[in-house]
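# Understanding the architecture of this molecule
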Amino acid sequence: MVSETVRSVQGDLDPGQLGVVDSHDHLFFRTPLLPGQELDDVGLARQELAAYAAVGGGTVVQWTPYGLGRRAAELPALAAATGVRIVAATGMHQSAHYAPELLAERADDLAEVFVRELTEGIGSSGVRAGLIKVAGGFHALDAHARWTMRAAAEAHHATGAPLAVHHELGTGALDVLDLLCGELEVPAHRVILGHLNRSPDFVAHREAARSGAYLAFDGPSRANHATDWRMPDAMAELAAGGYADRLLLGGDTTSAGARSVSGGPGMPYLLRRVRPRLEEALGKEAVERVLVANPARAFAVEWAA
């Protein structure tokens, strides 16, 4: 019997079933910070998943959290139609993504919402989340970040769920680790630090990897083009230091124009272009580990509820 499983939108899975994993992406995403670029078209989401499957993709982990248009009820049918497994998120992004009244509604029950979405389902969909996504700020943790991370830690301790963290321009990872793993006692191997390629500080990367957390590198993106090209060097540096087993890779498609079916790089680019470029820097065996073995460990937990 497999004790650790990945909680997908179709049910709990043996981690060996995931195949090649896009460890950080979005099928649906709606925020006032990206007006007119909403990811909310079911048909285009299905086409994007099919294009990803056609180049060898097996699983997508959607980091879209509470209140940002996850469309959880659509996800099982999309997974069934394309053969791509999907993991959904609960959690909460930075305060700028939300109306103040929505945040006020959650002031006293945020951890309970996270636990409910992990164990019972998102809204009335019956679709359970498989991870908790939260966010830090630029080189700092404001009161909102500390509130959401405390709620996330509480939900982790109640369920075992992994925590994924947005780092603004790749900064603040060590402060996040101090809070989550130090003060709030979340095991480091249950924490996934996102966007680290956006701040290619190799010293900070090594320190974060040394903690036992996973480091998620993602892209490409128009907004972060200035640092995206450093990703192979950053990942190679970590692999050479013995941290290849801490690395994850994702596409992080957050706008309609970034989808491959709308003329952008999208999910397939991760395997068509990013994968062979990384193989030049890390070697094929290491990249296979990043895409298959590492996410199978990172997202699989022994669920307490």
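Basis of the calculations
The residue count restarts for each chain, going from 1 along the sequence in the order it is written. pLDDT decides what is reported in this predicted model: residues at 70 or higher carry local features, side-chain atom pairs at 80 or more are listed and counted, and totals for whole chains, interfaces and linings draw on all residues regardless. Only hydrogens and water are set aside; all other atoms, that is, all heavy atoms of the structure, feed into the side-chain values. Numbering goes from the N terminus for both helices and strands, where a helix is a DSSP run of H or I of at least four residues and a strand is a run of E of at least two. We call two N or O atoms a polar contact when they sit within 3.5 Å, provided that within protein one can donate a hydrogen and the other can accept it, with sequence-adjacent residues counted only if both atoms are side-chain atoms. Exposed residues in this analysis have more than 50% of their type's maximum accessible area, buried residues have under 20%, and partly exposed residues fall in between, with area computed by a 1.4 Å probe over protein chains only. Two strands qualify as a pair provided DSSP detects at least 2 bridges between them. The salt bridge definition used is simple: a Lys or Arg side-chain nitrogen within 4 Å of an Asp or Glu carboxyl oxygen. Under this scheme, a helix contributes an axis fitted over its contacting stretch, all axes are lines through C-alpha atoms, and angles between N-to-C directions fall in the 0 to 180 degree range. Working rule for angles: under 35 degrees goes down as roughly parallel, over 145 as roughly antiparallel, 65 to 115 as roughly perpendicular, anything else as oblique. We call a crossing left-handed when the near helix sits turned anticlockwise from the far one by less than a right angle, and right-handed when that turn is clockwise. We call two residues in contact when some of their heavy atoms are within 4.5 Å. Centre distance within 6.5 Å is the pairing criterion for rings of Phe, Tyr and Trp, where only the six-membered ring of Trp is used; planes under 30 degrees apart are then read as stacked, over 60 as edge-to-face, and the remainder as tilted. In our convention, an over-ring charge means Lys NZ or Arg CZ found within 6 Å of a ring centre and within 35 degrees of that ring's normal.

### Let's talk about the environment of T31
Position of T31 among the secondary structure elements: in the loop between β3 (21–25) and α1 (42–54). At 2.7 Å, the side chain of T31 and the side chain of H97 are in polar contact.

### Observations regarding unusual backbone geometry
Both trends apply: most residues other than glycine have a negative phi, and most peptide bonds are in trans. Put simply, G219 and P220 share a cis peptide bond, and its omega is 10 degrees. Relative to the assigned elements, P220 resides in the loop between β10 (214–218) and α8 (225–228). A positive phi is found at H139, a non-glycine position, where the angle reads about 60 degrees. You can see H139 is positioned in the loop between β7 (131–135) and α5 (143–159).

### Structural notes on the pairing of strand β4 (residues 59–62)
Across the two faces of β4 the burial is the same, with T59 and V61 and V60 and Q62 all buried. Note that β3 and β4 share three bridges and pair parallel. Bridging across to β4, D25 finds its partner in Q62. In the sheet, β4 pairs with strand β5 (residues 85–87) via three bridges, with the strands oriented parallel. The residue of β5 that forms the bridge with V60 is I86.

### Examining the pattern of salt bridges
Evaluation of the coordinates by the stated rule reveals 15 salt bridges. Two residues, E4 and R190, come together in a salt bridge whose shortest N-O distance is 3.0 Å. A residue pair is termed long-range when its members are at least 10 positions apart, and E4 in the segment before β1 (6–8) and R190 in the loop between α6 (173–183) and β9 (191–193) qualify at 186 residues. Its relative accessible area of 31% is what places E4 among the partly exposed residues. A residue is classified by how much of its surface remains accessible, and R190, at 9% relative accessible area, is buried. Linked through salt bridges whose partners overlap, the residues forming this network are R7, D12 and R128.

### Side note on the packing of helix α9 (residues 231–240) against helix α10 (residues 266–282)
Between α9 and α10, whose axes approach to 9 Å, the crossing angle comes to 45 degrees. In this view, α9 runs oblique relative to α10, as classed from their interaxial angle. Crossing of α9 over α10 shows right-handed handedness. Every residue of α10 that contacts α9 at M231, P232, M235, A236 and A239 is listed here: V274, R277, L278, A281 and L282.

### Things to note about the sheet that holds β4
Reading across from one edge, β3-β4-β5 is the order of the three strands in this open sheet, with parallel pairing throughout. The open sheet has two edge strands with one neighbour each: β3 and β5. On average, each strand axis in the sheet is tilted by 20 degrees relative to the strand beside it, whichever way the strands run.

### Examining the packing of aromatic side chains
Each aromatic ring pair is specified by the distance between its two centres and by the angle formed by the two planes. This structure, assessed with the given rule, holds zero aromatic pairs. The ring of W303 has R7 sitting right over it, with the charged end atom 4.1 Å from the ring centre. For the cation-ring pair, R71 lies above F28, with the distance from its terminal atom to the ring centre recorded as 5.6 Å.

### Quick word on the side chain of T171
Mapped onto the elements, T171 comes out in the loop between β8 (163–166) and α6. For T171, the side chain forms a polar contact with the main-chain nitrogen of H139, separated by 2.7 Å. Within polar-contact distance, the side chain of T171 engages the backbone oxygen of E168 at 2.8 Å. Residues in contact with T171, not counting those within four places in the same chain, are G137, F138, H139 and S199.

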